[in-house]
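# Structural overview
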Amino acid sequence: MKTIVILTGAGISAESGIQTFRDSNGLWEGHDWRQVASPEGWAADQAMVLKFYNLRRAAIRDAQPNAGHLALVELEKYFQVFIITQNIDDLHERAGSRNILHLHGEIRKARSTSNPKLVYDLGDKDIEMGDLCEEGSQLRPHIVWFGEDVPLIHTAAGLCYDADLIAVVGTSMVVYPAAGLVNYAKKGTKLFMVDPNKPEYSFSRPVEYILEPASTGVPKLVGRLKEFV
Ligand code: APR
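Below is a summary of the structure that appears in this document. Quick caveat, the model's predicted, so the values are computed rather than measured.

### Quick word on the packing of aromatic side chains
For the structure on display, the rule yields six aromatic pairs. With a centroid separation of 4.7 Å and 55° between ring planes, the pair formed by Trp33 and Phe146 is classed as tilted. Of the two residues, Trp33 is situated in helix H2 (residues 33–36) and Phe146 in the loop between strand S8 (139–143) and helix H7 (153–162); the sequence distance between them amounts to 113 residues. In this structure Trp33 comes out as partly exposed when scored by relative accessible area, which is 25%. You can call Phe146 partly exposed: its relative accessible area is 32%. Here the aromatic rings of Phe52 and Tyr53 are separated by 4.9 Å at their centres, their planes lie at 90°, and the arrangement is edge-to-face. Ring pairing ties together the aromatic residues Trp42, Phe52, Tyr53 and Trp145, which thus form one cluster. Against the face of Trp145 rests Arg140, its NZ or CZ located 3.8 Å from the ring centre.

Given below as structure tokens:
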């Protein structure tokens, strides 16, 4: 079986009603990213940051996978599929995909502020001020903020190196190190991209573009990928 890596970003969840970052003037649900997605923002106002992610968790709970998430599941009949997502939602899981690596963390998990190895399943629960890890430190969202390490990047790079085919769906390719992952692909690995807007990113190899939203573009992508079984 050939191996496919699907690299997804906020665009794949846009039609599920989850706002992308850069399509909204750099404001994320009305907030500057520095306030809600950086260690400095956390240091300045922990209660506000927790509330922001509690609201997002509730919105994601109420969202449903769309035709883009659902179409990817069929690929598993024909390929070994790895989804590397920058999204913190669980819509790939709920669609039924199996191998999902969350590069930027997961909204439904919390972690200790003192010991990053202590990660807890929250489900749909909020994190409140005073919720502590077993070592007595405040819990925070299990999310990679700007300026923080991306612990899964090496695993993701290895998956890209081993891939026979790579498809990029709904990401502006401006946030590193995620945007650099395609460069780990071996020469000759075929690259595809689904996005209604062609990103400014310059790929170092030929790319086949499907310039459509995920709900129609991903089913087309899946049809095209099946030609390589
Ligand atoms: N279908 C597919 N793609 C879409 C759709 C859609 N319906 N609507 C918008 N897009 C595309 C946009 O054209 C854009 O290229 O999705 C992309 C969204 O880009 P960003 O908002 O920059 O999201 P992303 O690339 O995932 O951001 C990367 O930055 O906000 C931080 O850490 C956060 O993981 C995130 C990272």
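### Some words on the site of the ligand
Around the ligand lies a shell of 21 residues, among which Arg22, His104, Thr171, Ser172 and Asp195 are the nearest. Contacts to the ligand include His104, whose side-chain N or O atom sits 2.8 Å from an oxygen atom. Residue Ser172 places a side-chain N or O atom 2.5 Å away from an oxygen atom belonging to the ligand. For the ligand, the accessible surface in isolation is 740 Å², of which the surrounding protein chains cover 91%. Across the shell around the ligand, the residue classes break down as eight nonpolar, nine polar and four charged.

Rules and cut-offs
- Residues numbered from 1 in each chain as written.
- Predicted model: local features only at pLDDT ≥ 70, side-chain atom pairs only at ≥ 80, totals over all residues.
- Heavy atoms only, no water.
- Phe/Tyr/Trp six-rings, centres within 6.5 Å; stacked < 30°, edge-to-face > 60°.
- Helix = DSSP H or I, 4+ residues; strand = E, 2+ residues; numbered from the N terminus.
- Buried < 20%, exposed > 50% of the residue type's maximum accessible area, 1.4 Å probe, protein only.
- Lys NZ or Arg CZ within 6 Å of the ring centre and 35° of its normal.
- Near = heavy atom within 4 Å.
- Polar contact = N/O pair within 3.5 Å; in protein donor to acceptor, adjacent residues only side chain to side chain.
- Areas by Shrake-Rupley, 256 points an atom, 1.4 Å probe, with all protein chains shown as cover.
- Nonpolar A, V, L, I, M, F, W, Y, C, P; charged D, E, K, R; others polar.

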